[in-house]
Amino acid sequence: QVQLVESGGGLVQAGGSLRLSCAASGRPLTTTGMGWFRQAPGKEREFVATISWGPGTPYYADSVKGRFTISRDNAKNTVYLQMNSLKPEDTAVYYCALRTDVRVIAIRSRSAYDYWGQGTQVTVSS
């Protein structure tokens, strides 16, 4: 059993900041990367950012580049998402995801991830 628990969501005004955290626990596993996806009402879940567990290489969706920063603590199996300059368009449920495949392929796709958190709500008011 593997659990991913997100925290840090909330309500913030446009231009504000939030920091999300996601900690993995339970059955020992090999983590090769962790990332964040988000889903707004009426829309499909979309890629936000991910980071590799070895070198810590980050990848971002174009819509958040320059505003969001992903980081990780390998020893704690924890990933963070620092969100700055938030926009109303960032409003969504944010999901943490973990992958175990050593191959760096399709890392922007939901199918590349093996475990998912329950999500945390982020609401940005205008």
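Quick summary incoming for the structure in this document. In this convention, every chain numbers its residues from 1, walking through the sequence in written order. Reporting of local features is limited, given that this is a predicted model, to residues whose pLDDT is at least 70; pairs of side-chain atoms are given and counted only at 80 or more, and all residues count toward the totals for whole chains, interfaces and linings. With hydrogens and water stripped out, all remaining heavy atoms of the structure feed into the side-chain values.

1. Here's the deal with the nonpolar core
Let me state the cut-off plainly: The nonpolar core is taken to be a set of buried Ala, Val, Leu, Ile, Met, Phe, Trp, Tyr and Cys residues, with the residues joined through side-chain atoms within 4.5 Å. Only protein chains enter the accessibility calculation, which uses a 1.4 Å probe; a residue whose area is less than 20% of its type maximum is buried, one above 50% is exposed, and one in between is partly exposed. For helices the rule is a DSSP run of H or I covering at least 4 residues; for strands it is a run of E covering at least 2, with both sets numbered from the N terminus onward. Contact definition: two residues touch when any of their heavy atoms are within 4.5 Å.
With 34 residues, the main nonpolar core has Trp36, Val79, Leu81, Met83 and Tyr94 as its most contacted residues. Breaking this core down by element, the ones donating at least two residues are strand 3 (18–26), strand 4 (33–39), strand 5 (46–52), strand 7 (68–73), strand 8 (78–83), strand 9 (92–99) and strand 11 (120–125). Among the elements that make up this core, the one with the highest residue count is strand 9 (five residues). If near-sequence neighbours (up to four positions away) are discounted, Met83 is found in contact with Gly16, Ser17, Leu18, Leu20, Arg67, Phe68, Tyr94 and Val122.

2. Some points on the state of the cysteines
Using the following cut-off: Only a pair of cysteine sulfur atoms within 2.5 Å counts as a disulfide in this structure description.
On inspection of all chains with the given rule, the structure shows one disulfide. Covalent S-S linkage joins Cys22 and Cys96, the inter-sulfur distance amounting to 2.0 Å. Negative torsions about the S-S bond denote left-handed disulfides, and the value of about -85 degrees found for Cys22 with Cys96 makes this one left-handed. Of this pair, Cys22 sits in strand 3 while Cys96 is found in strand 9, placing the two residues 74 residues apart along the sequence. For the residue pair Cys22 and Cys96, the accessibility class agrees, reading buried in each case.

3. Notes on the side chain of Glu6
Operational definition: For the purpose of counting charges, residues Lys and Arg are taken to be positive, whereas Asp and Glu are taken to be negative. His and the chain ends are not included. We count a salt bridge whenever a side-chain nitrogen from Lys or Arg sits within 4 Å of a carboxyl oxygen from Asp or Glu. Any pair of N or O atoms that falls within 3.5 Å is considered a polar contact. Within protein, one atom must be able to donate a hydrogen and the other to accept it, and sequence-neighbouring residues count only if both atoms are side-chain atoms.
One can find Glu6 in strand 1 (residues 2–7). Despite its burial, Glu6 pairs with no opposite charge; the closest candidate is Arg45, at 7.6 Å N-O. Within the local environment of Glu6, its side chain forms a polar contact with the backbone nitrogen of Gln118, the two atoms lying 3.2 Å apart. In terms of polar contacts, Glu6 uses its side chain to reach the backbone amide nitrogen of Gly119, at 3.0 Å. Apart from the residues lying within four places of it in its own chain, the contact partners of Glu6 are Ser21, Cys22, Trp36, Tyr94, Tyr95, Cys96, Gly117, Gln118, Gly119 and Thr120.

4. Examining the pairing of strand 9
Filter applied, for reference: For two strands to be treated as a pair, DSSP must find at least two bridges joining them.
For strand 9, the buried fraction is high: seven of the eight residues fall into the buried class. Strand direction decides the pairing type here: strand 4 and strand 9, joined by seven bridges, are antiparallel. Its bridge partner being in strand 9, Phe37 is matched across the sheet by Tyr95. Here strand 9 pairs with strand 11 via three bridges, running antiparallel. Looking at strand 11, one finds that Ala92 is bridged to Val122. Sheet topology places strand 9 next to strand 10 (residues 115–116); two bridges connect them, and they run antiparallel. In the sheet register, Leu98 faces strand 10, and the bridge partner there is Tyr115.

5. Observations regarding the pairing of strand 5
Among the seven residues in strand 5, six count as buried, and that is most of the element. Pairing between strand 4 and strand 5: six bridges, direction antiparallel. For Gly33, the partnering residue across the bridge sits in strand 5 and is Ser52. Counting the residues in the hairpin turn of strand 4 and strand 5 gives six residues, including Gly42, whose phi is positive at 80 degrees. Here strand 5 runs beside strand 6 (residues 58–60); their pairing, made up of three bridges, is antiparallel. Residue pairing in the sheet places Ala49 in a bridge with Tyr60 of strand 6.

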